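What the coordinates show
So you can see what is in the structure, the chains are spelled out below.
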Amino acid sequence: MANKNPKSKIPNLSLPWLDALAITAWGILMLRYWLTNKLNLLIHPNYFWLVIVTGISFIIIGLFKMQELWQRRRRDVTPNTQHISLFPPGWGSALLLTTAILGFIITPQVFASDKALQRGVTTDLLGSTRVKPQAFRVTVRPEERSLVDWVRTVNVYPEPDAYTGQKVKVQGFVIHPPDIGKEYLFLARFVLTCCAADAYPVGLPVKLPNNQEPYSPDTWLEVEGQMVTENLAGKRQLTIAATSLKKIPQPQNPYSY
Amino acid sequence: MNQLNNGFTIFLSLLVEAMPFLLLGVLFSSLLLFFVDERKLVEKMPKNPLLGALVGSMIGFFFPVCECGNVPVARRFLIQGVPTPVAIGFLLAAPTINPIVIWSTWTAFRDQPEIVVLRVVFSLAIATIIGYAFSFQKDLNPIVQPAIARYMKFNPPAQPQTKRRGKRYQVQQEATVPNLLQSGTYILGGKAGIPLRIDPNLVPPTLISTSDKPLADKLRLVVDNSIQELRELGGVMILGSAIAAAIQVLAPRELILSLGAGPISSIVVMLILAVVVSICSTVDSFFALSFASTFSSGSLLAFLVFGPMIDIKSVGLMLSIFKPKTIFYLFALAAQLTFLFTLFLNLHVF
């Protein structure tokens, strides 16, 4: 079915190129995230392979289409199959291409304390309901538990006194919630289940030897100490009584799973 | 500025996570469009309305199309004489009851498997009930668009008794197919196997099953169709992800929390979002995921069940089959049933 409408000839010729370009750009963007190690800021590592395969497929489809368009450029057969569509012609691809270009320009960001506070520290952190004890290991020695391990353990058995005196050595970033005292800070990490859209913060309060001044929000710390029970925001709460706080660089992979 | 960058990161992560499923869905629906012979499927549909509605709701498993692919297929079904309950069941359930959508829902809600199971169960139940309800409408004229009604009046679909004439008749009927289909646009749906020529104005050429072309051409068509759907659905997905990211970053937390915690308000909000955000069903679970921490499970399900059935985009498509009144009934029934089911869940009735 040759669509020989002289009026729509020019868009007809350029639109397929836009489609092919948009799809190829997305393929390149996805592979670029993978090769520059940015993919772990966006999605859970379980799905990396899906993104890689899709990136490669997009590039193949895009190049295939371009090659076909190139071969057909002399002939006036644009098999412009009419489709029931929501957008005016070209809009879908233009959106795809624009987003891909934005993706090339703007680097994804590691979530920090502002996002954690927005997610609600007191409601979520001090009584996190979402962390499930996946791969829960009882045999782990207390000082080998990560911050997320601790939160999961506490969720299974919430009585804070049960952990009193246990040694702790955990890493996380600093949050200063408004409703706990100056001699405390919150040590947190983000957990991803699927992608950054569901990142949620978990963590434990830390009781400092002095006050929170030297530790500004978003600083990454390795905290060593012992578990104690404190009364925070009107609630008995398992707290790390810190004996040593060491500033560390942001880990290669800031998220936990 | 930081807010903006957070929002953009969420937006990108939704897109990057959803793209693979979109590609898979689009490739599948394009392949099926060109390689599956619907006529064979049409012949096997049960005539019992309740069973028909149930079977129709489950055919999606073999036709992994999302809500933009299912309307043209449902339309072909109706024109080819498939009983109404089957077609309605398919129309409502196919975008949800299919392997790709179930997989992507599982990916998103790995730590809440009940959402995955209930999404399937609720969608099946609602589609079957509505399909069954429509079986009481014997005369299609008042509910479908005049063009389709006219078409069906002059080309009445196969009568039930043609099905019961036994094997020999069917063999004979199949034997005549290759002959009749030489020029591509004939379908076999008329009385006693008389071929019908599809009115090209009624059914756009791309929507006709073209199962008699050479393989190379078919592959080219598959790629073309995939690209077409990718840009359409990709565009919608970008808008949907942008809305989800914007709500997550910009909406006041107190408002979201108070709306999301209420058993009724959360469902109402999600039903409205389901209509407004016409995100494709293969990727809508990622949209819902960004509300998972603040909204009740029932309301997330309401979005996941109702969204694929009816949203702004599919209303536009459905107008190519049904009269506005019918769409309103479908809409109202589906919304009420979804509301009831998910409210029961929120109130722990079951």
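Here the structure is a predicted model, which means the values were calculated and not measured. (Residues numbered from 1 in each chain as written. Chains lettered and ligands numbered in written order. Predicted model: local features only at pLDDT ≥ 70, side-chain atom pairs only at ≥ 80, totals over all residues. Heavy atoms only, no water.)

Assigned secondary structure in chain B consists of 17 helices and two strands. Across the 350 residues in chain B, those meeting the buried criterion constitute 60%. Working note: accessible area of chain B is about 13700 Å², and carbon and sulfur atoms make up 69% of it. (Helix = DSSP H or I, 4+ residues; strand = E, 2+ residues; numbered from the N terminus. Buried < 20%, exposed > 50% of the residue type's maximum accessible area, 1.4 Å probe, protein only. Areas by Shrake-Rupley, 256 points an atom, 1.4 Å probe, with all protein chains shown as cover.)

Enumeration according to the criterion identifies 17 aromatic pairs over all chains in this entry. Cation over ring: R145(A) sits above W150(A), and NZ or CZ is 4.6 Å from the ring centre. (Phe/Tyr/Trp six-rings, centres within 6.5 Å; stacked < 30°, edge-to-face > 60°. Lys NZ or Arg CZ within 6 Å of the ring centre and 35° of its normal.)

Let's shift gears to the nonpolar core. W26(A) and F109(B) are the most contacted members of the largest nonpolar core, which has 142 residues in total. At 13 residues, the largest contribution of residues to this core is made by helix α1 (residues 2–35) of chain B. Ignoring any residue separated from it by four or fewer positions in sequence, one finds W26(A) in contact with F58(A), L96(A), T99(A), A100(A), L12(B), L15(B), V16(B) and M19(B). Counting 25 residues, the second largest nonpolar core, distinct from the first, contains W150(A), L208(A), L221(A) and V223(A). (Core = buried A, V, L, I, M, F, W, Y, C linked by side-chain atoms within 4.5 Å. Contact = heavy atoms within 4.5 Å.)

Residue and element names in this part refer to chain A. Considering the arrangement of structural elements, one finds T219 in the loop between β3 (200–207) and β4 (220–232). Residue class for T219 comes out buried when judged on its relative accessible area of 15%. Discounting chain neighbours no more than four positions away, the residues touching T219 are G172, F173, V174 and K247.

So, about the confidence of the model for chain A. Fine structural detail should not be taken from predicted coordinates in areas where pLDDT scores are low. Residues and elements named next belong to chain A. When the pLDDT values of chain A are averaged, the result is 80; 81% of them are 70 or greater. Across residues 1–9, confidence stays below pLDDT 50; counting only partners more than four residues off in sequence or on other chains, it has seven contacts. Predicted confidence is poor over residues 78–84, with pLDDT under 50, and the contacts of this stretch with residues over four places away or in other chains come to 16 contacts. (pLDDT = per-residue confidence, 0-100.)

In this structure the tally under the stated criterion is eight salt bridges over all chains. The residue R236(A) makes a salt bridge to E159(A) at a minimum N-O spacing of 2.9 Å. Taken together, the residues span a long stretch of sequence, with R236(A) in strand β5 (residues 235–247) and E159(A) in the loop between α7 (147–156) and β1 (167–175) at a distance of 77 residues. D284(B) is the partner of R119(B) in a salt bridge, and the nearest nitrogen-oxygen pair spans 3.0 Å. Here R119(B), found in helix α7 (residues 113–134), pairs with D284(B), found in helix α14 (residues 284–289); they are 165 residues apart in sequence, far enough to count as distant. Accessibility expressed as a relative area gives 1% for R119(B), which makes it buried. (Salt bridge = Lys/Arg side-chain N within 4 Å of Asp/Glu carboxyl O.)

Moving on, we get to the packing of helix α15 (residues 297–309) of chain B against helix α17 (residues 324–346) of chain B. All names here are of chain B. The geometry of α15 relative to α17 is characterised by a closest axis approach of 8 Å and an angle of 160 degrees between their N-to-C directions. The orientation of α15 relative to α17 falls into the category roughly antiparallel. The crossing of α15 and α17 is right-handed. Seen from α15, the contacting residues are S297, G298, S299, L301, A302, V305, F306 and M309; seen from α17, they are F331, A334, A335, T338, T342, L345 and N346. (Axes fitted to C-alpha atoms, helices over the stretch in contact; angles between N-to-C directions. Parallel < 35°, antiparallel > 145°, perpendicular 65-115°, else oblique. Left-handed = near helix turned anticlockwise from the far one by under 90°.)

Residues and elements named next belong to chain B. With 34 residues, α1 extends 49 Å between its outermost C-alpha atoms, agreeing within 8% with the 50 Å of an ideal straight helix rising 1.5 Å per residue. Where α1 bends most, at A18, the angle is about 35 degrees, and the proline P20 comes one to four residues later. Across the 34 residues of α1, 25 count as buried, placing the element largely inside the fold. (Expected span 1.5 Å × (residues − 1). Bend = angle between axes of the 7 residues up to and from the residue.)

Attention now goes to the interface of chain A and chain B. If you look at the interface, chain A gives 59 residues, while chain B gives 52 residues. Contact between chain A and chain B buries roughly 5300 Å² in total, counting both sides, with carbon and sulfur atoms accounting for 65%. Here chain A is connected to chain B by three salt bridges. One salt bridge connects R231(B) with D19(A), and the closest N-O pair in it is separated by 2.4 Å. At the boundary of chain A with chain B, the tally comes to seven residue pairs in polar contact (both at pLDDT 80 or more). (Buried area = accessible area lost by both parts, 1.4 Å probe. Polar contact = N/O pair within 3.5 Å; in protein donor to acceptor, adjacent residues only side chain to side chain.)

Adjacent strands of a sheet pair through backbone hydrogen bonds, lying either parallel or antiparallel. Residue and element names in this part refer to chain A. Read around the barrel, five strands follow the order β1-β2-β3-β5-β4 and close on themselves; strand pairing throughout is mixed. Direction aside, neighbouring strands of the sheet carry axes that sit 60 degrees apart on average. Direction of pairing for β1 relative to β4: antiparallel, over a ladder of seven bridges. By the bridge assignment for β4, K169 is matched with E224. Strands β1, β2 (184–191), β3, β4 and β5 of the sheet are contacted by α7, whose axis makes an angle of about 90 degrees with β3. (Pairing = 2+ DSSP bridges.)

To continue, consider the pairing of β5(A). The side chains of a regular strand alternate between both faces of the sheet. Residues and elements named next belong to chain A. Strand direction decides the pairing type here: β3 and β5, joined by two bridges, are parallel. Note on β5: the bridge partner recorded for V206 is I240. Between β4 and the antiparallel strand that follows it, β5, lie two residues; A233 among them carries a positive phi value of about 45 degrees.

Another aspect to go through is unusual backbone geometry. All names here are of chain A. Even without glycine at this site, N37 takes up a positive phi of about 60 degrees. Relative to the assigned elements, N37 resides in the loop between α1 (9–35) and α2 (39–42). Not every positive phi belongs to a glycine, and D218 is a case in point at roughly 75 degrees. Counting through the fold element by element, D218 comes out in the loop between β3 and β4.

Here we come to the environment of G103(A). One can find G103(A) in helix α4 (residues 91–105). Sequence separation between G103(A) and L29(A) is 74 residues, and the spatial gap between their C-alpha atoms is 7.1 Å. For G103(A), the contacting residues outside a window of four places in its chain are L29(A), R32(A), Y33(A), F8(B) and L12(B).

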